[in-house]
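What the coordinates show
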Amino acid sequence: MYHKRQHGRTSFGIVTAIALAILPFLFCSCLDIPSTPENRREIEHISVYVMQDGILDSSLLKIHPSDSATLKVNVFPRQYKDDLSFEWIFERNIVNGHVTETLGTGDKYVIPPAAKEASIPTHLIIRDPLGSEMKISLDIAVNTPPHMDSLLSPTAGDTLYGSTSTAFEFRWQASDKDTELGDKLNYTLVIDGMRYNLGTLNHIRQSGFAPGPHSAYVIVTDSYGDLDSIAPQEFYVLDTLEGSL
């Protein structure tokens, strides 16, 4: 993860709305509808979003490294899009100064799989026909989704012995390449269809099980909202304590 994070799996997209109304000097003539003065209209906003695996999301600019992703620009009203030019650039500070590199032009830019940091745009420059321009910062997160490894206890097919007051242990394990970079994993334990949001805990004890079959699985979610889970595992509770009374 470059600041950005690493991801591997299906992806989400992103929408970042940029209001141009606060910059009335920008695009002041090319954004006008060429008719009567009362019909004059300016660009209301420009959106930069990500499409990956055909999926869009409005949470943040996030991509997974295992697949290519496309950055796209939307302009509203749409008829002004052809009047603007777009330049995708990568900027970084180095010991002896500042480096700026143009990565591409046009209203879309493709980020290849396993992209290196220098091939992911940090800014978008928008220009109108008169030479006015706006520079937009792009904070693109490259995030690897977490992996739900296993439900360690109870395992599939286990028989648990006790009564409804017996607290059985549930323990699980998940992994994420980004945890060493500060990403945190949160867990949801689902027992017989009942969801328990447990935060960062990876084990609990739970009672109240009637004799008979039950099921459990765990959902893991990282800081970027990517998640994974395992299939429900069946286990059986045998009430030997009650039967001995």
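Quick note: structure is the one above.
In short, a report on the structure. On a predicted model such as this, the values are computed, not experimentally measured, just so you know. (Residues numbered from 1 in each chain as written. Predicted model: local features only at pLDDT ≥ 70, side-chain atom pairs only at ≥ 80, totals over all residues. Heavy atoms only, no water.)

With that out of the way, let us pick up the side chain of serine 119. With respect to the helices and strands, serine 119 occurs in the loop between strand S7 (108-111) and strand S8 (123-127). You can call serine 119 buried: its relative accessible area is 18%. A distance of 2.8 Å separates a polar side-chain atom of serine 119 from the backbone oxygen of lysine 116. The residues contacting serine 119, other than those within four sequence positions of it, are Leu103 and Tyr109. (Helix = DSSP H or I, 4+ residues; strand = E, 2+ residues; numbered from the N terminus. Buried < 20%, exposed > 50% of the residue type's maximum accessible area, 1.4 Å probe, protein only. Polar contact = N/O pair within 3.5 Å; in protein donor to acceptor, adjacent residues only side chain to side chain. Contact = heavy atoms within 4.5 Å.)

Along the chain, phenylalanine 76 connects to proline 77 via a cis peptide bond; the corresponding omega equals 0 degrees. For proline 77, the location among the structural elements is in the loop between strand S4 (69-76) and strand S5 (85-94). Look at the link from serine 153 to proline 154: it is a cis peptide, with omega at -5 degrees. With respect to the element layout, proline 154 can be found in the loop between strand S11 (147-153) and strand S12 (159-161).

Now for the pairing of S7. Burial along S7 is one-sided: the face carrying Tyr109 and Ile111 is buried and the face carrying Lys108 and Val110 is not. Here S4 runs beside S7; their pairing, made up of four bridges, is antiparallel. Across the sheet, the residue bridging to alanine 69 is isoleucine 111, located in S7. (Pairing = 2+ DSSP bridges.)

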